[in-house]
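As a plain string of letters, each chain reads:
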Amino acid sequence: MHSAPRALCPHVEWAVAGVLGTRVSLDWIRQPAAPGTWRSEFSWKGEAGTASKLASALRGWHLLRFEVTAEPCATAEGERYSCTPELGIFHAVTGIHGDILVPEDRLRAALLRSQQGESDLESDLSRLLGKPWDDELEPFRYAGEGAPVRWLHQVV
């Protein structure tokens, strides 16, 4: 959960608990990227499809910024859901290395819209990869105030 108004924090916990079928108590800290909001991280385990259920349970509150990810397993690809008040929800299938997998039909549709002058191919591809959501959520990912941050370094 990247940001939630304080009044929604218990509702977020209830929604997550309802999906997971167990009591959930999140550790909330202030979110300096949006004063007056709080953030929390939560690791979970569940069956394939649980990420979808979590994202669906949270998407109804317009003031939340969140991401839900599921790692791929032997029976299902991975998934990533990103949500912001301004953009709504984004869903992507992810491969074993975390890459976004864009279905062929969506690529063909973007190419056709571009060829017909209905849209810009670069913008369509950017949306298919979730770039607008990444751009909006990036400041919230580096939350500060003691929040865990994973720095990735390129190894040469």
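Basis of the calculations
Residues numbered from 1 in each chain as written. Predicted model: local features only at pLDDT ≥ 70, side-chain atom pairs only at ≥ 80, totals over all residues. Heavy atoms only, no water. Pairing = 2+ DSSP bridges. Helix = DSSP H or I, 4+ residues; strand = E, 2+ residues; numbered from the N terminus. Contact = heavy atoms within 4.5 Å. Axes fitted to C-alpha atoms, helices over the stretch in contact; angles between N-to-C directions. Polar contact = N/O pair within 3.5 Å; in protein donor to acceptor, adjacent residues only side chain to side chain. Buried < 20%, exposed > 50% of the residue type's maximum accessible area, 1.4 Å probe, protein only.

Taken in spatial order, the 4 strands of this open sheet run E4-E5-E6-E7, and their pairing is antiparallel. Taken across any chain shown, the strands that pair with only one partner, and hence form the sheet edges, are strand E4 (66–70) and strand E7 (100–101). Note that E4 and strand E5 (residues 78–84) share 5 bridges and pair antiparallel. When the sheet's bridge partners are listed, Glu-67 is paired in E5 with Ser-82. Helix H5 (residues 131–141) contacts E4, E5 and strand E6 (88–94) of the sheet and is inclined by roughly 80 degrees relative to E5.

As for its placement among the helices and strands, Thr-37 is situated in strand E3 (residues 37–39). Of the polar contacts made by the side chain of Thr-37, one reaches the backbone oxygen of Ala-34; its length is 2.6 Å.

Before going further, it helps to spend a moment on the pairing of E5. Of all the 7 residues making up E5, 7 are buried; the element is thus mostly covered by neighbouring parts of the structure. Residues Gly-78, Arg-80, Ser-82 and Thr-84 line one face of E5 and the alternating positions Glu-79, Tyr-81 and Cys-83 line the opposite face, and both faces are buried. With 7 bridges joining them, E5 and E6 adopt antiparallel strand pairing. Among the inter-strand pairings, Gly-78 is bridged to a residue of E6, identified as Thr-94.

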